[in-house]
Amino acid sequence: MKRIGILTSGGDAPGMNAAIRAVTRRAIDKGLEVFGINYGYAGLVAGDIFPLNSEDVSDRIQRGGTFLYSARYPEFANVEGQLKGIEQLKKFGIDALVVIGGDGSYHGALRLTEHGYNTIGLPGTIDNDIPFTDFTIGFDTAVSTAVDAIDKLHDTASSHERTFVVEVMGRGAGDVALWAGVAGGAQKIIVPERDFDIKEIAQEVKEGREQGNKNMIIVLAEGVMHAEDFKKELDKYGDFDTRATVLGHVQRGGSPTVKDRVLASKMGAHAVDLLLDGKGGLAVGIENNKITSHDILDLFDSKHKPDLSLYDLNESLSR
Ligand code: ADP
């Protein structure tokens with residue numbers, strides 16, 4: 001193996017640049033050549049491929065987004081799309097690949113490995129919804145952004161004695177809501193993994209207000225429902241001066257936190273080491289603070305499990 005490629009695919013996440021830098025620098029350190037591929041699998045098929053040297057990745061570690069851009073390219077699920085991608089890999093003399101993305105991107109990585117091009121997947125998503133990893137690249141930054149916004153909402157909530165329903169990202173997973181809820185001192189956290197009763201929540205809000213709690217923050221995972229709909233449901237049981245706030249895409253941006261930069265650096269270097277060992281079709285993770293890897297196939301049979309002890313903790317701390 002002499003030459004590896006790297007691409008980012010699916011939703012962008014802060015820390016992807018740090019991962020690209022780590023892959024590039026580790027590969028160069030080990031005597032390999034590196035090629036960047038723009039726009040994920042779309043760019044692979046289009047041949048939007050160029051050499052990456054050490055300076056190309058300097059001054060990138062602190063920047064959000066991905067300088068290799070990302071794109072959705074559903075055609076890569078078809079064999080014809082994959083074969084077009086392989087043609088480009090041959091043309092550029094690329095022997096193996098690192099793909100940074102989510103679940104969908106891992107499918108592409110597995111297909112490339114099956115076609116004889118060892119490919120390693122790195123978990124790049126703010127949602128933290130990938131099995132066999134405690135954290136994904138971008139999650140810590142997204143939670144920090146959400147907590148920063150919640151802190152600000154506390155100020156205005158207490159000034160006007162309002163109740164805020166704050167919708168955070170996470171797709172079908174409650175991780176962002178759980179972490180942002182605990183760190184932001186939420187009164188209540190609503191996640192897809194736990195049932196809730198709006199009437200009971202209304203009662204809690206009512207009692208909280210009667211006891212003098214002037215800033216009620218309910219953190220709602222987007223996978224449950226929209227904040228505006230939640231507010232409408234809550235309003236049926238009383239006038240809590242409720243406001244719905246959707247944090248939205250700000251959670252996807254910003255300079256990555258220290259934790260995300262270090263995680264991306266460790267994972268990027270490990271991906272190159274796995275390729276040098278002749279391995280492919282693996283997804284890198286971090287479990288109990290150790291960098292690990294698992295067959296991508298096993299990931300598809302598993303379900304991500306959020307840390308629901310945070311839910312119980314918050315229930316106890318918000319009384
Ligand atoms: P994420 O990687 O964040 O889950 P997507 O689900 O949009 O994001 O997938 C990203 C890209 O991965 C898709 O646009 C497509 O190019 C590729 N992809 C998705 N599913 C498959 C599949 N079944 N086989 C091959 N490639 C896939």
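Residues numbered from 1 in each chain as written. Predicted model: local features only at pLDDT ≥ 70, side-chain atom pairs only at ≥ 80, totals over all residues. Heavy atoms only, no water.

If you check an unreviewed UniProt entry, the protein appears there as ATP-dependent 6-phosphofructokinase from Companilactobacillus huachuanensis. Within the UniProt record for the protein, the comment given under Cofactor (unreviewed entry) is "Mg(2+)". As recorded by UniProt, the Subcellular location (unreviewed entry) comment attached to the protein reads in full: "Cytoplasm". (UniProt positions renumbered as here; feature names shortened; annotations may be inferred.)

## A look at the environment of isoleucine 286
Here isoleucine 286 lies in strand β10 (residues 282-287). Using a relative accessible area of 8% as the deciding quantity, one classes isoleucine 286 as buried. Beyond its immediate sequence surroundings of up to four residues, isoleucine 286 is in contact with Thr133, Asp134, Phe135, Leu263, Met267, Ile291 and Thr292. (Helix = DSSP H or I, 4+ residues; strand = E, 2+ residues; numbered from the N terminus. Buried < 20%, exposed > 50% of the residue type's maximum accessible area, 1.4 Å probe, protein only. Contact = heavy atoms within 4.5 Å.)

## As for the UniProt feature "binding site: Mg(2+)" (unreviewed entry) in the protein
As annotated by UniProt and renumbered to match this structure, "binding site: Mg(2+)" (unreviewed entry) occupies Asp103. The residue aspartate 103 is located in helix α4 (residues 103-114) in this model. Ignoring sequence-local partners within four residues, the contact set of aspartate 103 consists of Ile130 and Phe300.

## Examining the packing of helix α5 (residues 139-160) against helix α6 (residues 175-183)
One can describe the packing of α5 onto α6 by two numbers: an axis separation of 9 Å at closest approach and a directional angle of 45 degrees. One way to sum up the angle between α5 and α6 is to call them oblique. Read as a crossing pair, α5 and α6 show a hand that is right-handed. Every residue of α6 that contacts α5 at Phe139, Val143, Ala146, Val147 and Ile150 is listed here: Asp175, Val176, Trp179, Ala180 and Ala183. Looking at side-chain class alone, the contact of α5 with α6 contains 9 nonpolar, no polar and 1 charged residues. (Axes fitted to C-alpha atoms, helices over the stretch in contact; angles between N-to-C directions. Parallel < 35°, antiparallel > 145°, perpendicular 65-115°, else oblique. Left-handed = near helix turned anticlockwise from the far one by under 90°. Nonpolar A, V, L, I, M, F, W, Y, C, P; charged D, E, K, R; others polar.)

## Observations regarding the sheet that holds strand β6 (residues 163-168)
Adjacent strands of a sheet form backbone hydrogen bonds with each other and so pair up, either parallel or antiparallel. Taken in spatial order, the 4 strands line up as β7-β8-β6-β9 in an open sheet, and their pairing is parallel. The open sheet has two free edges, formed respectively by β7 (188-190) and β9 (242-246), since each of these has just one partner strand. Direction aside, the axes of adjacent strands within the sheet are offset by 20 degrees on average. In this structure, β6 lies alongside β9, joined through 5 bridges in parallel fashion. Considered in β9, the bridge of valine 166 is made with threonine 245. Sitting on the sheet, helix α7 (residues 198-210) is in contact with β6, β7 and β8 (216-221), with an inclination near 155 degrees to β8. (Pairing = 2+ DSSP bridges.)

## A look at the pattern of salt bridges
Taken as a whole and judged by the stated rule, the model has 17 salt bridges. Among the salt bridges present, the one from arginine 26 reaches aspartate 273, with a minimum N-O distance of 2.8 Å. Remark: aspartate 273 occurs in helix α9 (residues 258-276) and arginine 26 occurs in helix α1 (residues 16-29); sequence separation between them is 247 residues. What makes aspartate 273 partly exposed here is its relative accessible area of 23%. (Salt bridge = Lys/Arg side-chain N within 4 Å of Asp/Glu carboxyl O.)

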